[in-house]
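For reference, the chains in residue letters:
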Amino acid sequence: MLLTITTTRPPATDLGFLLHKHPDRVQRFEQSYGTAHVFYPEARADRCTAALLLEVDPQALLRTRKSGAHSPDFSLAQYVNDRPYAASSLFAVALGDVFRSALRGRSAVRPDLAASALPLTLSLPAVPCRGGPDLARRLFEPLGWRVDADPVALDPGLPDWGDSHYVSLTLTGDLRLADALSHLYVLLPVLDGHKHYWVSADEVDKLLRAGEGWLAAHPERAWITRRYLARRTQLLRTALARLSELDDLAADPGDPLAAVPDTVATEPGEEEPPTAATLPGGDAEERESAPTAPGMGGSGGPGGPSGSRNPVGAESPDGTEPPERARAPAAPEGAAGPDPAAGRGARDAVPEAAPDAATGDAADDADASAPGTVVPGAAAPEPVGDRGPSLAERRAGAVLAVLQAENARSVLDLGCGPGRLLARLLDHHGFDTVAGSDVSAAVLEQARRRLRLDRRPEHHRRRLTLFTASALYTDPRFRGYDAAVLMEVIEHVDPPRLPALAHVVFGDAAPRTVVVTTPNVEYNVRYPTLPHGAHRHTDHRFEWTRAEFRAWADDTAAAYGYRVRYLPVGPEDPEVGASTQMGVFTK
């Protein structure tokens, strides 16, 4: 594993003062699993490059671990794996150990330089990144980096084999060296997805210290947090709550995972991350989703939001991964990584989320709270005095009624999440074909559990299709349906990506009916615990007034040959309208 750090700010050899490593020396640092070396391939006044080389001893690594059948190094993989070559949590731990003072931003000799942005180029030849170059860009570009991520071929001599899930990563930008190192310290294990040590409660403090100043504002913070904490649900909830406080936003104790951008997976068929994350409704430790495609996040990822109704992304900043069964470690897998961001070294755990809290619309469904109860960062609760069905139930019922009125026999639920609407569609015999798509493979697995397909009759199973896909990219599997539904999805998409979404749904898939629901921001004043100007959910990229929604819907309908009518969902307030607004597009 190799990292090179290059600067061209003269005198460039002052890089040695920041790293606390002399350019004229080669130094070595023993690790429990190998040896780290620091040396300078070039050290001139106009250009200086420092290199960190980590040599992993596979046998030493094996001695520090107790592998089980669920471990990534089970059986033969204990001896044949990528750990000695690909930048992973092993490398992040070595980085924190060797460059501990630099990571803290300390330099007694050049404190002014440590506080200054420098022209930097960081290069890593092999980084695990199942989401491909797009995922790497979603994670690093919001931090101010120019990203070059070139896929590494499986075999350069056999190009037909295609690319591996590794990229050669080069980051270029003007940043403080401490910030640059903290980005790698957090994001390398996030991209890899497999920590070599047991993740305990103190990892939350490590993450917050290492991510200080940038993680709270990162568009993929929920997905990053979930992956860094190895999808440990309770730790995730605690970390998101504390990050939300840092960002002056509230985290949703009842829906911590809806804030998790399961959103980085964006390509059709891409396995979850950006794309799915920790999912409520399953085993406590099995939740994971994908980060969101750029700008899309029903429930989750980089570039996009998190959540499960997120057609784009969410576990997706790297490819999404299937959920893992919760399990306690037989023994700690090596020593926990050092906490370079802290000298030496929570909130109470949030109650379990409702079974569908990971859905994108879960952000708007936190009506389980008692009226008037403050649920920090959560979706806004029902207004005081409302004792009818929950908003989520009303929304799904309204969509079902519209589909029946339009005589739709085949329906595609884009960003289906854990299957709230799918369950209603399957229970209604008027729909011959029902399909659900989501960027998160883990969320789709949750939908299968929620729908209890193994207990349903055969004719129900034949009617249903579930597949991984992003609504930001054309996909032939989206075509051929009478109706498509975007239920609480568009508000998780970055506004610049909305034209891509419209093209995919209205232009390429082009069903004869499209149903779109989204929050009515005017109604937010009726939520007494929702701060002024705040969104109902921290993953929302925007919330529209009725006029803004109509403007977008009218323009979209005109561009693709549809007519559109508008319906309220939920009790309608004479001044601000209903909580949810619906557009029904027909042609």
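Quick note: structure is the one above.
Since the model is a prediction, treat every value here as computed from it, not as a measurement. (Residues numbered from 1 in each chain as written. Predicted model: local features only at pLDDT ≥ 70, side-chain atom pairs only at ≥ 80, totals over all residues. Heavy atoms only, no water.)

**Student:** Before we move on, can you summarise the overall build of the protein with the specific residues and values?
**Tutor:** Within the protein, the regular secondary structure consists of 16 helices and 16 strands. Looking at the protein as a whole, 58% of its 587 residues are labelled buried. For the protein, the exposed surface amounts to about 21700 Å²; the carbon and sulfur share of it is 52%. (Helix = DSSP H or I, 4+ residues; strand = E, 2+ residues; numbered from the N terminus. Buried < 20%, exposed > 50% of the residue type's maximum accessible area, 1.4 Å probe, protein only. Areas by Shrake-Rupley, 256 points an atom, 1.4 Å probe, with all protein chains shown as cover.)

**Student:** Lay out the pattern of salt bridges with the relevant residues and their values.
**Tutor:** Considering all chains together, one arrives at 21 salt bridges under this definition. The residue E203 makes a salt bridge to K206 at a minimum N-O spacing of 2.8 Å. With E203 and K206 both in helix α8 (residues 202–210), this residue pair falls three residues apart, about one helical turn. Like E203, the residue K206 is buried in the burial classification. The residue R526 makes a salt bridge to D573 at a minimum N-O spacing of 2.8 Å. Remark: D573 occurs in strand β15 (residues 563–573) and R526 occurs in the loop between β14 (513–519) and α16 (546–560); sequence separation between them is 47 residues. In the salt-bridge network here, residues are joined through shared partners; they are E42, R44, D46 and R47. (Salt bridge = Lys/Arg side-chain N within 4 Å of Asp/Glu carboxyl O.)

**Student:** Requested: an account of the nonpolar core, with residues and values cited.
**Tutor:** Ranked by internal contacts, the top residues of the largest apolar core, which has 72 residues, are L19, F99, F140, W145, L169 and V186. It is helix α7 (residues 177–192) that contributes the most residues to this core, ten residues altogether. Not counting chain neighbours up to four residues away, the residues in contact with L169 comprise L122, S123, L124, V127, A136, F140, V147, D148 and A149. With 32 residues, the next largest nonpolar core counts A435, Y481, V514 and W552 among its residues. (Core = buried A, V, L, I, M, F, W, Y, C linked by side-chain atoms within 4.5 Å. Contact = heavy atoms within 4.5 Å.)

**Student:** Lay out unusual backbone geometry in plain terms, naming residues and giving numbers.
**Tutor:** Residue P11 is bonded to the preceding P10 through a cis peptide linkage, with omega at -15 degrees. You will see that N407, though not glycine, has its phi angle at about 55 degrees, which is positive. Relative to the assigned elements, N407 resides in the loop between α11 (391–405) and β10 (410–414). For E488, which is not glycine, the phi dihedral falls at a positive 55 degrees. Summarising the element assignment, E488 is placed in the loop between β13 (483–487) and α15 (498–509).

**Student:** Break down the sheet that holds strand β12 (residues 464–468) for me, citing the residues and quoting the values.
**Tutor:** Read across the sheet, seven strands follow the order β12-β11-β10-β13-β14-β16-β15 without closing on themselves; strand pairing throughout is mixed. In this open sheet, the two strands that pair with only one neighbour each are β12 and β15. Averaged over all neighbouring strand pairs, the angle between strand axes comes to 15 degrees, with direction disregarded. With five bridges joining them, β10 and strand β11 (residues 433–438) adopt parallel strand pairing. (Pairing = 2+ DSSP bridges. Axes fitted to C-alpha atoms, helices over the stretch in contact; angles between N-to-C directions.)

**Student:** Report on the packing of aromatic side chains, specifying residues and quantitative values.
**Tutor:** Per the stated rule, a full pass over the model turns up eleven aromatic pairs. Both rings, one in F506 and one in Y560, keep their centres 6.2 Å apart while their planes meet at 25 degrees; by these two values the pair is stacked. One end of the pair, F506, is in helix α15; the other, Y560, is in helix α16, and 54 residues separate them in sequence. Take F506: its relative accessible area is 3%, and that puts it in the buried class. (Phe/Tyr/Trp six-rings, centres within 6.5 Å; stacked < 30°, edge-to-face > 60°.)

**Student:** Run through the packing of α7 against helix α9 (residues 221–228), naming residues and quoting values.
**Tutor:** Axes are the key here: two packed helices are described by the angle between their axes and the distance separating the axes. At their nearest, the axes of α7 and α9 sit 8 Å apart, and the two run at 75 degrees to each other. Relative to α9, α7 is oriented roughly perpendicular. Here Y185, V186, L187, P189, V190, L191 and D192 of α7 lie close against α9, whose contacting residues are W223, I224, R227 and Y228. (Parallel < 35°, antiparallel > 145°, perpendicular 65-115°, else oblique.)

**Student:** Describe the sheet that holds strand β3 (residues 34–43), with residues and values.
**Tutor:** A sheet is described by the order of its strands in space; here seven strands give the open sequence β2-β3-β4-β1-β5-β7-β6, paired in antiparallel fashion. Each edge of the open sheet carries a strand with a single partner, namely β2 (27–31) and β6 (146–153). This sheet shows a mean twist of 15 degrees between the axes of neighbouring strands, independent of strand direction. Here strand β5 (residues 118–128) pairs with strand β7 (residues 163–175) via nine bridges, running antiparallel. Bridge pairing links P128 to Y166 in β7. With respect to the sheet, helix α6 (residues 132–140) is in contact with β6 and β7, its orientation differing from that of β6 by roughly 155 degrees. Contacts between α7 and the sheet are confined to β1 (2–7), β5 and β7, with β5 contributing the most and set at about 15 degrees to the helix.

**Student:** How would you explain the environment of A180 if you had to name every residue and give the values?
**Tutor:** Tracing the chain through its elements places A180 in helix α7. Taking the C-alpha atoms as reference, A180 lies 8.4 Å from L122; in sequence the two are 58 residues apart. Residues within four places of A180 in sequence aside, it is in contact with L120, L122 and W145.

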